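# Tertiary structure, described
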Amino acid sequence: MIQNFHYLLDSNIISEIIKPNPNFSVIKKLAEHSGDCAICSTIWHELIYGVEQLEQGLRKTEINKFIQDDVKDSFDILPYTKESAEIQGQIRAQLKAKGFSVPFADSQIASIAIANNMILVTRNTKDFAQISSVSNLMLENWWEE
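Residues numbered from 1 in each chain as written. Predicted model: local features only at pLDDT ≥ 70, side-chain atom pairs only at ≥ 80, totals over all residues. Heavy atoms only, no water.

Strand order in this open sheet of five strands is 3-2-1-4-5, and the pairing throughout is parallel. At either end of the open sheet lies a strand with only one pairing partner, and these are strand 3 (76–78) and strand 5 (138–140). On average, each strand axis in the sheet is inclined to that of its neighbour by 40 degrees, with strand direction left out of account. The pairing of strand 4 (residues 119–121) with strand 5 spans three bridges and is parallel. What sits directly across from Leu120, in strand 5, is Leu139. (Pairing = 2+ DSSP bridges. Helix = DSSP H or I, 4+ residues; strand = E, 2+ residues; numbered from the N terminus. Axes fitted to C-alpha atoms, helices over the stretch in contact; angles between N-to-C directions.)

So, in structure tokens, the structure goes:
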């Protein structure tokens, strides 16, 4: 049986977990919704890409261990599907017609959230505002109480 998740976490949520002084509100929300969160393949890519760019050393080793041991084991990684691709194409076309452009990765993340009827949790709600204006993307910012 495929589990239905309610929250799709952006990379800034995952990054917050490993900070020396993480935002209390974010950690509290993660604890409250621990079994109800997932990430998507685009976020997984961003995490891997980010750690691979770090210089060799203790910090890179620790972050890579966190990603491989904790993130991969704690969160399901949802795929980019045909449905997501169709939604993303529609969003990008609608925004282009209005004279707007959004980063490809952001529209891909949003389309996966929409396709799975999930709330996208991000600190960067402004980055997704244009997408919300032409779709039914649901957003939450866990940095705000």
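Attention now goes to helix 2 (residues 24–32). Of all the residues in helix 2, the buried ones are Ser25, Val26 and Leu30. For helix 2, the angular spread of the buried residues around the axis is 135 degrees, confining them to a single face. Away from the buried face of helix 2 by more than 90 degrees, exposed residues Phe24 and Ala31 are located. Where helix 2 is buried, its residues meet strand 1 (7–9) and helix 1 (11–18). Its side-chain oxygen placed 2.9 Å from the backbone nitrogen of Ser25, Asn23 serves as the N-cap of helix 2. (Buried < 20%, exposed > 50% of the residue type's maximum accessible area, 1.4 Å probe, protein only. Arc of directions from axis to C-beta. Contact = heavy atoms within 4.5 Å. Polar contact = N/O pair within 3.5 Å; in protein donor to acceptor, adjacent residues only side chain to side chain.)

What the rule picks out here adds up to two salt bridges. The partner of Lys19 in a salt bridge is Glu16, and the shortest N-O contact between them spans 3.0 Å. What makes Glu16 buried here is its relative accessible area of 3%. (Salt bridge = Lys/Arg side-chain N within 4 Å of Asp/Glu carboxyl O.)

With that settled, consider the nonpolar core. Of all hydrophobic cores here, the largest spans 42 residues; its most connected members are Leu8, Leu9, Ile39 and Trp142. Top element by residues in this core is helix 6 (residues 104–115). It accounts for six residues. With near-sequence residues (within four places) excluded, Leu9 lies in contact with Ile14, Leu30, Cys37, Ala38, Ile39, Ile43, Phe75, Val121 and Trp142. (Core = buried A, V, L, I, M, F, W, Y, C linked by side-chain atoms within 4.5 Å.)

Attention now moves to helix 6. Between its first and last C-alpha atoms helix 6 spans 16 Å; for 12 residues at 1.5 Å apiece the expected length is 16 Å, and the two agree. Turning to helix 6, its buried residues number three or more, namely Asp106, Ser107, Gln108, Ile109, Ala110, Ser111, Ile112, Ala113, Ile114 and Ala115. A positive backbone phi angle near 55 degrees is found at Asn117, which sits one or two residues after helix 6. (Expected span 1.5 Å × (residues − 1).)

Across the interface, helix 1 lies against helix 2 with an axial gap of 10 Å and an inter-helix angle of 105 degrees. The angle between helix 1 and helix 2 places the two elements in the roughly perpendicular class. Across from Ile13, Glu16 and Ile17 in helix 1, the residues of helix 2 making contact are Val26, Ile27 and Leu30. Residues belonging to the contact of helix 1 with helix 2 are distributed by class as follows: five nonpolar, no polar and one charged. (Parallel < 35°, antiparallel > 145°, perpendicular 65-115°, else oblique. Nonpolar A, V, L, I, M, F, W, Y, C, P; charged D, E, K, R; others polar.)

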